[in-house]
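Breakdown of the fold
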Amino acid sequence: MIWVKVLSKQELNSADFVKMIVANSKKICLIKNKKRFYAIQNTCPHAGGILSGGWCKEGNIVCPIHRYEYNLTTGRGAAGQGDFIDVYPTELREDGLYVGFKQSWIKKLFS
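What counts and how
Residues numbered from 1 in each chain as written. Predicted model: local features only at pLDDT ≥ 70, side-chain atom pairs only at ≥ 80, totals over all residues. Heavy atoms only, no water. Pairing = 2+ DSSP bridges. Helix = DSSP H or I, 4+ residues; strand = E, 2+ residues; numbered from the N terminus.

Focus on the sheet that holds strand 4 (residues 36-41)
Strand order in the open sheet formed by four strands is 2-3-4-8, with antiparallel pairing between adjacent strands. Bordering the open sheet on either side are strand 2 (17-23) and strand 8 (87-88), each of which pairs with just one other strand. Note: strand 2 against strand 3 (residues 26-33), seven bridges, orientation antiparallel. Note on strand 3: the bridge partner recorded for Ala23 is Lys26.

Notes on the pairing of strand 9 (residues 90-93)
Pairing between strand 9 and strand 10 (residues 96-101): four bridges, direction antiparallel. Across the sheet, residue Glu91 finds its bridge partner in strand 10, namely Tyr98. Count of turn residues in the strand 9/strand 10 antiparallel hairpin: two residues.

This is the structure:
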């Protein structure tokens, strides 16, 4: 696992948000909702909507295009959708918030 720092210690106390960041060369939707942090893919699998333009509702991110919902913890789409989003692990450390990315086996060979 590769851990990338995405927020400094000072930024951890900000109000709830949904925003796009770039980490590990990927556009990620970073969310702070009810004092918890989540990192998910930024593109909705249904119609390509930008999830960082959406909002949180009862533990889900809501896509701004067609209102599809995805669970922030599991990535599972709402009942009847039959789809999911990628969810990345987050870790609070003394110096800030980190997001984890799986390292491909090819990169491991050449590291």
